[in-house]
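# Per-entry structural report
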Amino acid sequence: MKVLYLTKYSRNGASSRLRSYQYFPFLEKEGMSVTVKPFFNEEYLINLYAGQKTSLTKYMKFYLKRLIVLLTIYKYDRVVIEKEIFPYFFSWFEQLLSLCKVKYIADYDDAIFHNYDKHSNRIIRFLLKDKISNVMKYSHCVIAGNKYLAKKAKDSGAKKITIVPTTIDVERYHAKEHINKPTAVIGWIGTPSTFKYIKKFEPVFLKLNKIFDIELHIIGAKEDNHNCKGIKFIEWSEDKEVAFISKFDIGVMPLDDTPWELGKCSYKLIQYMGCGIPVVASAVGMNNEVVINGRNGFLVNNDEEWLEKLSLLLTDYNLRVLQGEKGRSIAEEKYSLQNNYPDLVSIVKGDTVSDIRTYSTDDELLWEYVYKTKQEVI
């Protein structure tokens, strides 16, 4: 079986790496031949993370290259589309695939539809507000990273919807050995595009820094000319990210409370938990599912609660250890690559996924979502 993956980025793009690339070895073990064709190349990613603009000429080359790939579509038995075929263009090509009986799979790990229906430019809003709804509707199956995205697929009329969370390879992530050292590390991992969230966390850190001996480690983003005491910027690399996270004593995930954040799949929290680290997170979207308040971490709503819960963890080493152990257990059970890849493989193969996380659009159990444990729905 030949499978074509139309990803958005190369492997160094986090969403593409986690939603697509890390599954390729499992697909290949099942006898599938995987061909991956990213829309954006590696140079684009480097420029994006460096805050540099890409020329219009290069953008046009990306579109032309994708168009050429589409001309070879009948060479493949399965097509998986990450989000959309062409960014900021109509869903004509997805509709054409459907008309040509190409049963494509569409995968989502964020609320990309809000790039269009909530865009600041009213012309884009008018022309493209229904674009992702159409991509979902004409797909053979939508793979959604969380319930918010799954509900969008249901409201769009998708034929089949499967929830597959963004996962970690628990064989790569190891529970850290906690040490009650004098200086505690609060940590965050992300990209330049999400730096705004940890930037808003800075006032909380500065208040804590006056009381506790702490450091704030920021992986994957930086601010030029920043000389705040106790804040350390670390350049991200795939090979070293687990080692960097393992130096955290507490992992944080601050978020704004807007529709865009409801589409996020809480991957940072899952990474922290995979390393056996307690978490503190904004009570927004999927964070409310990943964090069992008081067990593997805390959910917070404002700066006062951030200060309260972080202070509690900073003063109670044993609590950090207990919550870290619980987080690791949850990561292994619910958010591991090892426990979730069979679903993805079955979807791509075209098999029926027996797990109750796969539904037809009229199946009300979708909105009573539970995990593989098949616990009774309340």
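Preceding block: the structure.
The notes below deal with the structure included here. Each chain has its residues counted from 1, running along the sequence as written. Residues qualify for local features only when their pLDDT is at least 70, as the model is predicted, and side-chain atom pairs are given and counted only at 80 or more; totals for whole chains, interfaces and linings, by contrast, use all residues. Think of the side-chain values as coming from all heavy atoms in the structure, minus any hydrogens and water.

The next thing to look at is the overall build of the chain. To qualify as a helix, a DSSP run of H or I must reach at least 4 residues; to qualify as a strand, a run of E must reach at least 2; elements of each kind are numbered from the N terminus. When you go through the chain residue by residue, the secondary structure sums to 17 helices and 13 strands. The globule rule used for comparison is 2.2 Å times the number of residues to the exponent 0.38, while the radius of gyration itself is calculated over C-alpha atoms. Computed over C-alpha atoms, the radius of gyration of the chain comes to 21 Å, within 12% of the 21 Å expected from 2.2 N^0.38 for 378 residues, which places it in the range of a compact globule. Across its three principal directions, the C-alpha atoms of the chain cover 65 × 50 × 40 Å. Remark: exposure states derive from per-residue accessible area (1.4 Å probe, protein chains only) relative to the maximum for the residue type, with buried under 20%, exposed over 50%, and partly exposed in between. Here the chain, with 378 residues, has 52% of them falling under the buried criterion. Here, residues are in contact when the closest pair of their heavy atoms is within 4.5 Å. Counting contacts in the chain only where the partners sit at least 6 residues apart, residues at least 24 apart contribute 70% of the total. When the accessible surface of the chain is split by element, carbon and sulfur atoms take 53% of a total near 17,700 Å². One finds the centroid of the 54 positive side-chain charges in the chain at a distance of 5 Å from the centroid of its 47 negative side-chain charges. In short, Shrake-Rupley with a 1.4 Å probe defines the accessible areas, and a residue's cover is counted only from the protein chains shown. The convention is simple: Lys and Arg are positive, Asp and Glu are negative, and His and the chain ends are not counted. Where a charge lies is defined by one atom per residue type, namely NZ (Lys), CZ (Arg), CG (Asp) and CD (Glu).

Helix axes are fitted to C-alpha atoms over the stretch in contact, other axes to C-alpha atoms as well, and angles between N-to-C directions run from 0 to 180 degrees. For the pair helix H8 (residues 131-138) and helix H9 (residues 147-156), interaxial distance at closest approach is 8 Å and the crossing angle is 80 degrees. One finds that H8 runs roughly perpendicular with respect to H9. Across the interface between the two elements, Ser 133, Met 136 and Lys 137 from H8 touch Leu 149, Lys 152, Ala 153 and Ser 156 from H9. Every angle not falling under 35 degrees, over 145, or within 65 to 115 is termed oblique; those three ranges are roughly parallel, roughly antiparallel and roughly perpendicular.

Take helix H17 (residues 337-349) next. Helix length check: H17, at 13 residues, gives a terminal C-alpha distance of 18 Å against a target of 18 Å (1.5 Å per residue), a fit within 8%. Among the residues making up H17, those that are buried are Leu 337, Asn 340, Asp 343, Leu 344, Val 345, Ser 346, Ile 347 and Val 348. Remark: Gly 350 follows H17 within two positions and exhibits a positive phi of approximately 95 degrees. To estimate the expected span of a helix, subtract one from its residue number and multiply by 1.5 Å.

Strands are labelled as partners when DSSP assigns at least two bridges between them. Across the sheet, six strands lie side by side as E9-E8-E7-E10-E11-E12; this open sheet has parallel pairing. In the strand order of this sheet, the two ends are held by strand E9 (231-234) and strand E12 (297-300), each with one partner. Each adjacent strand pair in this sheet contributes to an overall mean axis angle of 20 degrees, direction not counted. Along the sheet face, helix H10 (residues 195-209) touches strand E7 (184-189), strand E8 (214-219), E9 and strand E10 (250-253) and points at about 170 degrees away from the line of E8. The sheet strands contacting helix H13 (residues 267-274) are E7, E10 and strand E11 (279-282), and the helix crosses E7 at an angle near 140 degrees.

Another aspect to go through is unusual backbone geometry. For Tyr 88, which is not glycine, the phi dihedral falls at a positive 55 degrees. Tracing the chain through its elements places Tyr 88 in the loop between strand E3 (78-82) and helix H5 (92-99). A relative accessible area of 41% places Tyr 88 in the partly exposed class. Of note, the phi angle at Lys 101 is positive, near 65 degrees, even though the residue is not glycine. Topologically, Lys 101 is positioned in the loop between H5 and strand E4 (105-108). Taking relative accessible area as the criterion, Lys 101 reaches 71% and is therefore assigned exposed.

A word on the pairing of E8. Burial runs high along E8: five of the six residues are buried. Of the strand pairs in this sheet, E7 and E8 are connected by six bridges, and their pairing is parallel. Directly across from Trp 188, in E8, lies its bridge partner Ile 218. A clockwise course of the path from the first strand over the helix to the second, judged with the strands pointing away from the viewer, identifies a crossover as right-handed. Taken together, E7, H10 and E8 constitute a β-α-β crossover, and its handedness is right-handed.

Once that is clear, we can look at the pattern of salt bridges. A pair is scored as a salt bridge if a Lys or Arg side-chain nitrogen falls within 4 Å of a carboxyl oxygen belonging to Asp or Glu. One pass over the full model with this rule turns up 16 salt bridges. Note that Glu 332 and Arg 328 form a salt bridge whose closest N and O atoms lie 2.8 Å from each other. With Glu 332 and Arg 328 both in helix H16 (residues 317-334) and four residues apart, this pair spans about one turn of that helix. Exposure remark for Glu 332: the relative accessible area of 36% places this residue in the partly exposed category. In this structure, a network of salt bridges that share partners links the residues Glu 82, Lys 83 and Asp 109.

In this section: the pairing of strand E6 (residues 160-163). Relative to E6, strand E5 (residues 141-144) runs parallel, the two being bridged by three bridges. Counted as the bridge partner of Val 142 is Ile 161 from E6. Note on the crossover from E5 through H9 to E6: the handedness is right-handed.

What follows concerns the side chain of Gln 22. Following the sequence through the fold, Gln 22 ends up in the loop between helix H1 (14-19) and helix H2 (24-29). We define a polar contact as two N or O atoms separated by no more than 3.5 Å, with the added condition that, inside protein, one atom must be a possible hydrogen donor and the other a possible acceptor, whereas residues neighbouring each other in sequence contribute only through side-chain atom pairs. Within polar-contact distance, the side chain of Gln 22 engages the backbone oxygen of Leu 18 at 3.0 Å.

Before going further, it helps to examine the layout of surface pockets. Every definition here rests on a 1 Å grid over the protein atoms only: cavities are sets of points where a 1.4 Å probe fits but cannot get out, pockets are open sets enclosed by protein on both sides within 12 Å along at least five of seven lines, and lining residues have some atom within 4 Å of a point. Grid points are joined across faces, edges and corners, and a volume is the space filled by probe spheres set on the points. In this structure, the second largest pocket encloses a volume near 250 Å³. Leu 255, Ser 282, Asn 301, Asn 302 and Trp 306 are, among the 16 residues lining the second largest pocket, the residues nearest its centre. Elements with a contribution of two residues or more to the lining of the second largest pocket: H10 and helix H15 (303-315). Take the lining of the second largest pocket: its biggest share by element is four residues, from H10.

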